[in-house]
Amino acid sequence: MKCKICSHETHRIFTAKILNKYDVQYYYCNYCAFLQTEEPYWLKEAYGISISITDTGIMSRNIGSSKITATILYFLFKKFDKFLDYEGDCGIFTRLMRDIGFDFYWHDPHSTNLLARGFEIKSKNYKYELVTAFVSF
Ligand SMILES: [Zn+2]
């Protein structure tokens, strides 16, 4: 398998179970040290239901992220600037930021926008003043 970063040849380094059912091969590039999986065939299933039933902190993380982001935006950006939450999951963060008063938009090709409907990204060519991309673990 070719490295997705530098195109050099990789070698299989280990196998791990994903979604508790798929044995996925991991490949390592000696040239650039990039670790990658085999071509991912499980993404649609993995992102089909983006909120895990065991995730009891999703709202508090989003509220915390929105407070930090709002503080930064308030002091460093203009009031009517447009912002984008990239990989915005079901739209919690976008909804919170819009409710605070910021002109936020949502984008996530792997999830369904449930809470920020009507505020999906309008055009991929539009330039936003800031793009957020929070990942929770
Ligand atoms: Zn590489």
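In case you missed it, the structure is sitting above this.
Report follows, based on the coordinates. Since the structure is predicted, the reported quantities are computational estimates derived from the model, not experimental observations.

**Some thoughts on the nonpolar core**
- Within the largest apolar cluster, seven residues are counted, these being Ala-70, Leu-73, Phe-83, Phe-93, Met-97, Phe-102 and Phe-104.
- Going through the elements one at a time, helix H2 (58–76) and helix H3 (92–100) are the ones with two or more residues in this core.
- Setting aside anything within four residues of it in sequence, one finds Met-97 in contact with Ser-66, Thr-69, Ala-70, Leu-73, Phe-102 and Phe-104.

**Digging into the coordination of the zinc ion**
- Looking at the zinc ion, one finds its protein donor set to be Cys-3 (SG), Cys-6 (SG), Cys-29 (SG) and Cys-32 (SG), positioned 2.2 to 2.4 Å from the metal centre.
- Expressed as a motif, the donor residue spacing for the zinc ion is C-x2-C-x22-C-x2-C. Of the two residues, Cys-3 is situated in the segment before strand S1 (11–18) and Cys-32 in the loop between strand S2 (22–28) and strand S3 (35–37); the sequence distance between them amounts to 29 residues.

Conventions we followed
- Residues numbered from 1 in each chain as written.
- Predicted model: local features only at pLDDT ≥ 70, side-chain atom pairs only at ≥ 80, totals over all residues.
- Heavy atoms only, no water.
- Core = buried A, V, L, I, M, F, W, Y, C linked by side-chain atoms within 4.5 Å.
- Buried < 20%, exposed > 50% of the residue type's maximum accessible area, 1.4 Å probe, protein only.
- Helix = DSSP H or I, 4+ residues; strand = E, 2+ residues; numbered from the N terminus.
- Contact = heavy atoms within 4.5 Å.
- Donors = N, O, S within 2.8 Å, 3.2 Å for Na, K, Ca; no water.

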